[in-house]
Amino acid sequence: MTAYDRKAPEVPDDVEAGDAVHPGRPVIVDRYTVAARINHWITAISLVLLALSGLALYTPKLFFLTALFGGGQWTRAIHPWIGVVLFFSFMILFIRFFRANLPAREDVTWVAHSKDLLAGHEEKMPEVGKYNAGQKGVFWSMSGLIVILILSGVVMWDQYFFPYTTIEQKRIAILVHSITAVVIICVWIIHVYAAIWVKGTIGAMTRGSVTGGWAWRHHRKWLRELVGRRARGPRAPAE
């Protein structure tokens, strides 16, 4: 083994598989792989369908939404299965992204300067990795809320789990499920608003890449890590 191999730094957690920098005019930075984007959009579509079908079942005032799913009976039958799709899709998404969403020291500074961000003074914000504290907050909130939704949903799913729970447990599950659904819809709205507000974010999840300028402005630490990895090049083979 060479001395370079012994001292070579490990790839930072912020750098995920598929992230890369391509020199040019402009510089292009790969941010999401095709698999990651498909995974994200399946999760997103499942969540929207769950929200619509859930709201349709929640109150008679929104029952008209059942027309999107073929009527009341179909909506009731489909809703929990969409939940199953959401759970497994997000589980894959979680495994894919959780390392880059682990808390970091700069997250505290980012939160402390969040007023500057809202005021449009991004130059005062700290350098962050692939995800900032706000994005991490959405990620971990979604993770916890989806687990609560699936657990409470199972208790309510009488077609398969009626013999294993009591009426009292079902009542509690309905209350917990409803409150959690409202909260996760609010988190989703914040997520979508932020994606629209930060120009280029939605494009990153559709095309899979961003410009070097975008990465430098919003995720400078991540870009530095990518450029540093490119400069180091592949490790020499062990001797």
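That block above? That's the structure.
Residues numbered from 1 in each chain as written. Predicted model: local features only at pLDDT ≥ 70, side-chain atom pairs only at ≥ 80, totals over all residues. Heavy atoms only, no water.

### Comments concerning a nonpolar patch on the surface
Thought 1: Taken together, the side chains of Val34, Ile38, Ile42 and Val85 present a nonpolar region at the surface, about 340 Å² in accessible area.
Thought 2: It is helix H2 (residues 34–58) that provides the largest number of residues to the nonpolar patch, a total of 3 residues.
Thought 3: Looking at the element boundaries, valine 85 is found in helix H3 (residues 72–97). (Patch = residues over 30% accessible without salt bridge, like charges linked within 9 Å, V, L, I, M, F, W, Y side chains within 5 Å. Areas by Shrake-Rupley, 256 points an atom, 1.4 Å probe, with all protein chains shown as cover. Salt bridge = Lys/Arg side-chain N within 4 Å of Asp/Glu carboxyl O. Helix = DSSP H or I, 4+ residues; strand = E, 2+ residues; numbered from the N terminus.)

### Brief notes about the packing of helix H4 (residues 105–112) against helix H6 (residues 133–156)
Thought 1: Relative to each other, H4 and H6 sit at 105°, their axes nearing to 9 Å. Relative to H6, the element H4 lies roughly perpendicular. In contact with Asp107, Trp110 and Val111 of H4, H6 contributes Ala133, Gly134 and Lys136.
Thought 2: Here the residues of the contact of H4 with H6 sort into 3 nonpolar, 1 polar and 2 charged. (Axes fitted to C-alpha atoms, helices over the stretch in contact; angles between N-to-C directions. Parallel < 35°, antiparallel > 145°, perpendicular 65-115°, else oblique. Contact = heavy atoms within 4.5 Å. Nonpolar A, V, L, I, M, F, W, Y, C, P; charged D, E, K, R; others polar.)

### What to know about the nonpolar core
In globular proteins that are soluble, nonpolar side chains generally tend to be buried together.
Thought 1: With 31 residues, the main nonpolar core has Val29, Tyr32, Phe97, Met142 and Ile184 as its most contacted residues.
Thought 2: Residue assignment for this core shows that the elements contributing at least two residues are H2, H3, H6, helix H8 (167–197), helix H9 (201–207), helix H10 (212–218) and helix H11 (220–232).
Thought 3: Of the residues forming this core, the biggest block, 6 residues, is contributed by H6.
Thought 4: Each residue touching phenylalanine 97, except ones within four places of it in the same chain, is listed here: Glu16, Tyr32, Ala36, Tyr131 and Phe139.
Thought 5: Membership of the second largest hydrophobic core comes to 5 residues, among which are Trp110, Met125, Val128 and Ala133. (Core = buried A, V, L, I, M, F, W, Y, C linked by side-chain atoms within 4.5 Å. Buried < 20%, exposed > 50% of the residue type's maximum accessible area, 1.4 Å probe, protein only.)

### Here we look at H3
Thought 1: In a regular helix each residue adds 1.5 Å, so 26 residues correspond to 38 Å; H3 covers 36 Å between its end C-alpha atoms and thus fits that length.
Thought 2: Where H3 bends most, the angle comes to about 30°, and this point is isoleucine 78, followed within four residues by the proline proline 80.
Thought 3: Of the residues making up H3, those classed as buried are Thr75, His79, Pro80, Ile82, Gly83, Leu86, Ser89, Phe90, Leu93 and Phe97.
Thought 4: Packed against the buried residues of H3 are H2, H6 and H8. (Expected span 1.5 Å × (residues − 1). Bend = angle between axes of the 7 residues up to and from the residue.)

### Some words on the layout of surface pockets
Thought 1: By volume, the second largest pocket is sized at about 670 Å³.
Thought 2: Contributing to the lining of the second largest pocket are 28 residues, with Gly54, His79, Leu149, Met156 and His177 lying nearest its centre.
Thought 3: Elements with a minimum of two residues in the lining of the second largest pocket: H2, H3, H6 and H8.
Thought 4: Here the lining of the second largest pocket is composed, by residue class, of 21 nonpolar, 6 polar and 1 charged. (1 Å grid on protein atoms, 1.4 Å probe; cavity = no way out; pocket = protein on both sides within 12 Å on 5 of 7 lines; lining within 4 Å. Points joined across faces, edges and corners; volume = space filled by probe spheres on them.)

No statement about biological role is implied by the geometric values presented.
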